[in-house]
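Now for the letters of each chain:
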Amino acid sequence: MIRTRFAPSPTGYLHIGGARTALFSWAYARKHGGKFILRVEDTDLERSTQQSVQAILDGMQWLGLDCDEGPFYQMQRVERYQAVAEQLVNEGKAYRCYCTKEELDQMREAQRARGDKPRYDGRWRDSLQKPPPGVKPVIRFKNPEAGEVVWADQVKGPISISNGELDDLVLLRGDGVPTYNFGVVIDDLDMNITHVIRGDDHVNNTPRQINIYKALGATLPKFGHVPMILGHDGERLSKRHGAVSVMQYRDDGFLPEALVNYLARLGWSHGDNEKFSRDQLVEWFDLAHVSKSPARFDPDKLLWLNQQYMREAETPRLADLVQPFFAADQCSTDDGPALYAVIDLLRTRASSLRELADAAVFFYRPLEASAALRAQHYGADVRPAVEDLYKRLSSVVWNRAAINDVIKAVVGAHALKMPKLAMPLRVMVTGSTQTPSIDATLELIGKETVLARMSAELKQFPA
RNA sequence: GUCCCCAUCGUCUAGAGGCCUAGGACAUCACCCUUUCACGGUGAGUACGCGAGUUCGAAUCUCGCUGGGGACGCCA
């Protein structure tokens, strides 16, 4: 039985990188009929918050990453880590270290100055000196001094690191709280994790963890390190890159299936497939086709995918989803044309719910044209045609075909080219030059409103 | 600085020695459609980082260089 997990630390929202790691881990479990476990690594007492836990849960729920077990919290398992650490000390595989933080800082600084890789020098490893008073010791792992650690990474292939590069890492802090490298090992062991799928930034931790597994006499899980996601500029993803939180994408009007599809395709591929469903992802997913190098996040491609999904989304669902965006604009869709009809007219023109709502406001509320647009389109020469159009529209049976006939008749009667009349008409009724076809737009806005807006705007024409 | 990993169009990628005069997608540009803007359709330009090998043959294998990313905490 394959068991994977996602083990975030609750020190912020669920960001794009974490979400993709979770997605891969989830997809791997689902693909193999295994279990996906959620574990909250909250051992950083300073930075962990309940809000962050909630934010991560929310993000995962929005993306549809359902877990089979958990969430488990490491802080509820501290006795367990302490017991194992104590056991390692008793077996001579770990020891207490009484260095102060200042002492360690000093040591690292000196090493850096010498151009060495900063690492603990093992001064308490086999020390017989008396513990200094008043220092709460940490428990350090006795890392093997010789040989090398090798593993077959499920995405990167074989990786080997010499033990000479590793130092004696802290297992348990002075206050008895485990460090990351110790907590993960015990938990992955206790939770029977078979495949540790995590971010690239943990590659260097893996050999340390493997040594702990070995000291415990445990069987190793498989490790797979998925590459990082970089910002559009190739830099590490940070607040500076705008939307980094998964939930921000919801708030910006993206559909979760679009983000899932995009994230899945970023750093993983299945031939030429670009757009695929969650089920297809589960069916196709494998670690072998995960890319080995970091990928840049491309907002344009996400937008394109979102547009693809919006095109085929059920209208009632889109209506529900777009409602908050109208609310944010203080635009009520209660009066005016049916929202479903508006959505169906506009859906292929928008690549996000945000854009959809923006494009729809003039159906519900008059949008004043800019002076520049008026100047450009309200010519004295078209005024007679516009007045004529107004008159004829007043008495027409209000449907698209009839409206179209009237427009064509006026164009003919005044010897105009179509855009010469259609553009000012657009600007008058919608305040914009970019709308769906004018007859469909007018039909939907409604006769009364169209005529009212026309008559108001007629006053803006030069005499 | 030390260690680890990586390297195909601007971006995401296909590619497991001959199927590659390197394929797809986003973006860009052009044309078509058109009652504006979109959508849609058609097409174009654009890549195997460099240098040595191995081989009858290399984007694919080896080595070096260069470039990029990651790590070096009583953070995770």
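Below is a short write-up of the structure. Worth saying up front: this structure is predicted, and the values here are computed from it rather than measured.

Concerning the overall build of chain A
- The helix and strand tally for chain A stands at 19 helices and 12 strands.
- Whereas a compact globule of 463 residues would reach a radius of gyration of roughly 23 Å, chain A reaches 32 Å, over 25% beyond that.
- By principal-axis analysis of the C-alpha atoms, chain A measures approximately 105 × 45 × 35 Å.
- Counting across all 463 residues of chain A, residues that qualify as buried make up 50%.
- Of the contacts made within chain A by residues no fewer than 6 positions apart, 76% connect residues no fewer than 24 positions apart.
- Accessible area of chain A: about 21,800 Å², with a carbon and sulfur share of 50%.
- Taken together, the 58 basic and 60 acidic charged side chains of chain A have centroids lying 2 Å from each other.

Looking at the environment of Tyr-13
- By the element assignment, Tyr-13 lies in the loop between β1 (3-6) and α1 (16-31).
- Taking the C-alpha atoms as reference, Tyr-13 lies 31 Å from Ser-332; in sequence the two are 319 residues apart.
- Setting aside residues no more than four positions away along its own chain, Tyr-13 makes contact with Ala-55, Ile-56, Lys-239, Val-244 and Ser-245.

Things to note about the protein's contact with RNA strand B
- Close contacts around RNA strand B come from 66 residues, with Gly-115, Arg-173, Arg-349, Asn-404 and Thr-433 the closest.
- Put simply, 68% of the atoms of RNA strand B that lie within 4 Å of the protein are in sugar or phosphate.
- Thr-43 places a polar side-chain atom, nitrogen or oxygen, 2.6 Å from a phosphate oxygen of RNA strand B.
- Take Ser-437: an N or O atom from its main chain is 3.1 Å from a base oxygen of RNA strand B.
- Elements with a minimum of two residues in the surface near RNA strand B: α4 (101-113), β5 (138-141), β7 (157-162), β12 (295-296), α10 (299-312), α17 (418-430) and α18 (438-445).
- Tallied by class, residues from the surface near RNA strand B come to 19 nonpolar, 20 polar and 27 charged.

Some words on α18
- Burial runs high along α18: seven of the eight residues are buried.
- By the burial criterion, the buried members of α18 are Ile-438, Asp-439, Ala-440, Thr-441, Leu-442, Leu-444 and Ile-445.
- Those residues of α18 hidden inside the fold are in contact with α12 (339-346), α16 (400-413), α17 and α19 (447-458).
- Where α18 terminates, the next one or two residues include Gly-446, which has phi positive at roughly 105°.

Side note on unusual backbone geometry
- For the bond running from Gly-70 to Pro-71, omega is 5°, close enough to zero to count as cis.
- With respect to the element layout, Pro-71 can be found in strand β3 (residues 69-73).
- One non-glycine residue, Asn-192, lies in the positive phi region at around 55°.
- Structurally, Asn-192 can be placed in the loop between α5 (180-190) and β9 (195-199).
- Although it is not a glycine, Gln-330 sits at a positive phi angle of roughly 55°.
- As for its position among the elements, Gln-330 is in the loop between α11 (315-328) and α12.
- Classification of Gln-330 by relative accessible area gives exposed; the value is 73%.

Overview of the pattern of salt bridges
- Scanning the model with the defined rule gives 38 salt bridges in all.
- Here Arg-317 makes a salt bridge to Glu-257, at a shortest N to O gap of 2.7 Å. Pair noted here: Arg-317 is in helix α11 and Glu-257 is in helix α8 (residues 256-265), with a separation of 60 residues, a long-range link.
- A salt bridge links Lys-301 to Glu-274, with the shortest nitrogen-to-oxygen separation between them at 3.0 Å. Highlighted residues: Lys-301 in helix α10 and Glu-274 in the loop between α8 and α9 (278-284), separated in sequence by 27 residues.
- Since its relative accessible area comes to 26%, Glu-274 is described here as partly exposed.
- The structure contains a network of salt bridges with shared partners spanning Arg-5, Arg-39, Glu-41, Arg-77, Arg-80, Asp-187, Asp-188 and Asp-190.

Quick look at the packing of helix α3 (residues 78-90) against α5
- One can describe the packing of α3 onto α5 by two numbers: an axis separation of 10 Å at closest approach and a directional angle of 105°. Relative to α5, the element α3 is oriented roughly perpendicular. On α5, the residues that touch Arg-80, Tyr-81, Val-84, Ala-85 and Leu-88 of α3 are Phe-182, Gly-183, Ile-186, Asp-187 and Asp-190.
- Classifying every residue of the contact of α3 with α5 by side-chain character gives six nonpolar, one polar and three charged.

Here's the deal with the state of the cysteines
- One pass over the structure, following the stated rule, counts zero disulfides.
- With no disulfide of its own, Cys-97 lies closest to Cys-99 among cysteine sulfurs, the gap being 3.6 Å.

Things to note about the environment of Cys-331
- Summarising the element assignment, Cys-331 is placed in the loop between α11 and α12.
- Along the sequence, Cys-331 and Leu-23 sit 308 residues apart, while their C-alpha atoms lie 36 Å from each other.
- Cys-331 has contacts with Phe-326, Val-361, Tyr-364 and Arg-365, leaving out every residue within four places of it along the chain.

Quick word on α19
- Its 12 residues give α19 an end-to-end C-alpha distance of 16 Å, which sits within 8% of 16 Å, the value for a rise of 1.5 Å per residue.
- Regarding α19, the residues found buried are Val-450, Leu-451, Arg-453, Met-454, Glu-457 and Leu-458. The buried side chains of α19 occupy one side of the element, clustering within an arc of 165° when seen end-on.
- In this fold, the buried residues of α19 make contact with α14 (371-377), α15 (383-394), α17 and α18.

How each quantity is defined
- Residues numbered from 1 in each chain as written.
- Chains lettered and ligands numbered in written order.
- Predicted model: local features only at pLDDT ≥ 70, side-chain atom pairs only at ≥ 80, totals over all residues.
- Heavy atoms only, no water.
- Helix = DSSP H or I, 4+ residues; strand = E, 2+ residues; numbered from the N terminus.
- Rg over C-alpha atoms; globule rule 2.2 N^0.38 Å.
- Buried < 20%, exposed > 50% of the residue type's maximum accessible area, 1.4 Å probe, protein only.
- Contact = heavy atoms within 4.5 Å.
- Areas by Shrake-Rupley, 256 points an atom, 1.4 Å probe, with all protein chains shown as cover.
- Lys, Arg positive; Asp, Glu negative; His and termini not counted.
- Charge placed at Lys NZ, Arg CZ, Asp CG, Glu CD.
- Near = heavy atom within 4 Å.
- Polar contact = N/O pair within 3.5 Å; in protein donor to acceptor, adjacent residues only side chain to side chain.
- Nonpolar A, V, L, I, M, F, W, Y, C, P; charged D, E, K, R; others polar.
- Salt bridge = Lys/Arg side-chain N within 4 Å of Asp/Glu carboxyl O.
- Axes fitted to C-alpha atoms, helices over the stretch in contact; angles between N-to-C directions.
- Parallel < 35°, antiparallel > 145°, perpendicular 65-115°, else oblique.
- Disulfide = S-S within 2.5 Å.
- Expected span 1.5 Å × (residues − 1).
- Arc of directions from axis to C-beta.

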